[in-house]
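Here are the chains, one letter per residue:
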Amino acid sequence: MYQSPAGRLCSALRDVSALCASSLRQQPHHSPVRRRAVSPPVLSSLAGLGCCHSLAGWIGDGPAKAVPNSGTVKTAAPSASGTAARSASRTVSMGNNTSRLYSALAKTLSSSTAVSQPQDFFEQSDYEHLDPLDPKNLLEECQIALQDRPPRLCREFVSLRNNFSSQNQPFRVMQWNILAQALGEGKDNFVKCPMEALKWEQRKYLILEEILKYRPHVLCLQEVDHYFDTFEPVLSRLGYQCTFFAKPWSPCLDVEHNNGPDGCALFFLQDRFQLISSDKIRLSARTLKTNQVAIAETLRCNETGRLLCFVVTHLKARTGWERFRLAQGSDLLRNLENITQGANIPVIICGDFNAEPTEEVYKRFATSSLNLNSAYKVLSEDGESEPPYTTWKIRPTGESCNTLDYIWYSQHALKVNSALSLLTEEQIGANRLPSFSYPSDHLSLVCDFSFNEDPDRLL
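Model, not experiment: these values are computed from the prediction.

J.: Tell me about the overall build of the protein chain, and please be specific about residues and values.
T.: Helix and strand counts for the protein chain stand at 10 helices and 20 strands. The proportion of buried residues among the 459 residues of the protein chain is 59%. When contacts within the protein chain are restricted to residue pairs at least 6 apart in sequence, long-range pairs at least 24 apart make up 80% of them.

J.: Run through the state of the cysteines, naming residues and quoting values.
T.: Tallied over the entire structure, the rule returns zero disulfides. Not part of a disulfide, Cys220 finds its nearest cysteine sulfur in Cys350, a span of 3.8 Å.

J.: Tell me about the side chain of Asn335, and name the residues and values.
T.: In this structure, Asn335 sits in helix α8 (residues 322-339). In this structure, Asn335 is in contact with Thr72 and Ile281, ignoring residues within four places of it in sequence.

J.: Could you give an account of the pairing of strand β19 (residues 414-420), naming the residues involved and the relevant values?
T.: Counting buried positions over the seven residues of β19 gives seven, a clear majority of the element. Here three bridges tie strand β6 (residues 157-159) to β19, and the two strands are oriented antiparallel to one another. Pairing of Ser159 across the sheet is with Ser418, part of β19. With five bridges joining them, β19 and strand β20 (residues 445-451) adopt antiparallel strand pairing. Across the sheet, residue Ala419 finds its bridge partner in β20, namely Cys447.

J.: Break down the sheet that holds β20 for me, citing the residues and quoting the values.
T.: Sheet architecture is open: seven strands sit in the order β6-β19-β20-β7-β8-β10-β9, paired in mixed fashion. Taken across any chain shown, the strands that pair with only one partner, and hence form the sheet edges, are β6 and β9 (240-246). This sheet shows a mean twist of 20° between the axes of neighbouring strands, independent of strand direction. Two strands pair when backbone bridges link them, and strand β7 (residues 171-177) and β20 are joined in this way by five bridges, in the antiparallel orientation. Looking across to β20, one finds that Val173 is bridged to Cys447. Each of β6, β7, β8 (218-224), β19 and β20 touches helix α6 (residues 200-214); the most contacted strand, β7, lies at about 160° to it. Each of β8, β9 and β10 (263-269) is contacted by helix α7 (residues 227-236), which is oriented at about 160° to β9, the strand it contacts most.

J.: Talk me through α6; I want residue IDs and the actual numbers.
T.: Look at α6: 21 Å from first C-alpha to last across 15 residues, which is about the 21 Å you get at 1.5 Å a residue. Counting buried positions along α6 yields 13 of 15 residues, so the element is predominantly enclosed. Remark: Arg215 follows α6 within two positions and exhibits a positive phi of approximately 45°.

J.: Help me get a handle on α7, residues and values and all.
T.: Counting buried residues along α7, 10 of its 10 residues qualify, which places the element largely inside the surrounding structure. Residues of α7 that are buried include every one of Tyr227, Phe228, Asp229, Thr230, Phe231, Glu232, Pro233, Val234, Leu235 and Ser236, and no others.

J.: Tell me about the side chain of Thr391, and name the residues and values.
T.: With respect to the helices and strands, Thr391 occurs in strand β16 (residues 391-395). A polar contact is formed between the side chain of Thr391 and the side chain of Lys393, at a distance of 3.1 Å.

J.: I'd like a description of the pairing of strand β17 (residues 398-402), backed by residues and values.
T.: In terms of strand pairing, β16 meets β17 through five bridges, oriented antiparallel. Directly across from Lys393, in β17, lies its bridge partner Ser400.

J.: An account of unusual backbone geometry is requested, with residue identities and associated values reported.
T.: Here the amide bond leading from Leu433 into Pro434 is cis, since omega sits at -5°, within 30 degrees of zero. Residue position: Pro434 is located in the loop between α10 (425-428) and β20. One non-glycine residue, Ala343, adopts positive backbone phi at about 70°. Along the chain, the position of Ala343 falls in the loop between α8 and β14 (347-352). The exposure class of Ala343 is buried, given its relative accessible area of 5%. Phi at Asn354 takes a positive value of approximately 50°, unusual for a residue other than glycine. Looking at the element boundaries, Asn354 is found in the loop between β14 and α9 (360-366).

J.: Account for the environment of His442, with residues named and values stated.
T.: Mapping His442 onto the fold places it in the loop between α10 and β20. For His442, a relative accessible area of 2% gives the class buried. Considering only alpha carbons, one finds His442 and Leu404, 38 residues apart in sequence, at a separation of 8.8 Å. Those residues in contact with His442, other than ones at most four positions away along the chain, are Trp176, Asn177, Asp352, Thr390, Thr391, Lys393, Leu404 and Asp405.

J.: Lay out the pattern of salt bridges in plain terms, naming residues and giving numbers.
T.: Scanning all chains against the criterion turns up 16 salt bridges. Residue Arg272 pairs with Glu303 through a salt bridge whose shortest N-O separation is 3.2 Å. Here Arg272, found in the loop between β10 and β11 (273-285), pairs with Glu303, found in the loop between β12 (288-301) and β13 (307-314); they are 31 residues apart in sequence, far enough to count as distant. Of the charged contacts, one joins Glu322 and Arg325 as a salt bridge, the two residues approaching to 3.8 Å between their closest N and O atoms. Here Glu322 pairs with Arg325, and both are found in helix α8, just three residues apart, close to one helical turn. Owing to a relative accessible area of 1%, Arg325 belongs among the buried residues under this scheme. Among the ionic contacts, a cluster of salt bridges with common partners joins Glu322, Arg325 and Glu359.

So, how was this worked out
- Residues numbered from 1 in each chain as written.
- Predicted model: local features only at pLDDT ≥ 70, side-chain atom pairs only at ≥ 80, totals over all residues.
- Heavy atoms only, no water.
- Helix = DSSP H or I, 4+ residues; strand = E, 2+ residues; numbered from the N terminus.
- Buried < 20%, exposed > 50% of the residue type's maximum accessible area, 1.4 Å probe, protein only.
- Contact = heavy atoms within 4.5 Å.
- Disulfide = S-S within 2.5 Å.
- Pairing = 2+ DSSP bridges.
- Axes fitted to C-alpha atoms, helices over the stretch in contact; angles between N-to-C directions.
- Expected span 1.5 Å × (residues − 1).
- Polar contact = N/O pair within 3.5 Å; in protein donor to acceptor, adjacent residues only side chain to side chain.
- Salt bridge = Lys/Arg side-chain N within 4 Å of Asp/Glu carboxyl O.

Shown next, in the form of structure tokens:
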């Protein structure tokens, strides 16, 4: 009997899930749990592709520990990020059955108590033993799951006419604050957004659809609190290498039925780039270690052999914290000067800076020794102005329309070939973001870059 690829995938994962649940039931709860390597199929079933909104803790087999008060954690290639560890004691039914791809994963593991603090170690995860996912099929599955929602909003790429042809193929970078699930439902108070539009059972498909639609070579996300049960298992099987760094004291943990702490995540396609080194940076404000983090990974382009450092970060939010953000940004720049060997390695920095272009932290990046420029300036008429907004929402305190998200790049080594246009006010609608049509209060930024032809061009 013929079985579709999605059906074969679901059947295989169903067997793995049952095996995993059986294994956990046999483990005595009174005995200490040792750190061990977990086989890839088991990790896949634990992570699951279904909804894990009710997952109270991280998934794994180790004790909880506080993140050490350290600044930068460096990892040499070829290490990859793994799943965090928290033992689970029971299985619960989650998700919905609208998608054939996800319906077989209706059961996953849930902690019996809420996470009290994040982990400081990760198990290695590996999905090489599982069949890869076809991005076109997965996109179709997302669209099937979203067929009862309003049509998604159309955005077009704006190409730069003054770019001459390059001998190397461009690579695509996507920056996006996806809105942590716990914050969207529990803390952010989007007064014009129906709660139904914020449910993870549907919102996850909107997020994945947005990623699959543009298929970036490098993806940088903030406010990721479904990394281990959604983004790592899905994106790793699409060919991405995945890295996650949680905030030491995530506000998500204050929300009942949270899915663990949120943090920054960086993904890159392994058929385009090779990992050389990975740095996880806990940002400092002067001498104070803060709750904000960054990931910096030096990659080698498989086509050109050239090195390139990609960075994802998320600075402190709220008005009144401008000096704090400036200190965090300055600390990140100092770290990057070392990582890039004094700007000898070009860099692309993606982030939600929570800062308008008028803030000092923005000016510090614009004038740094890394010779940075902001990619989305290319959409302005003069090529020197930022977009009018990258986030637009309505909270009890009023309407917020701000430019907070950026893609900075080394302008001596890289050029912007095209950028994804932003949504218009009419497209966003009177109730603003998020909505049934768009899953986050921040717009995704997507740019196509290529290397300048002269790799030895001076700063």
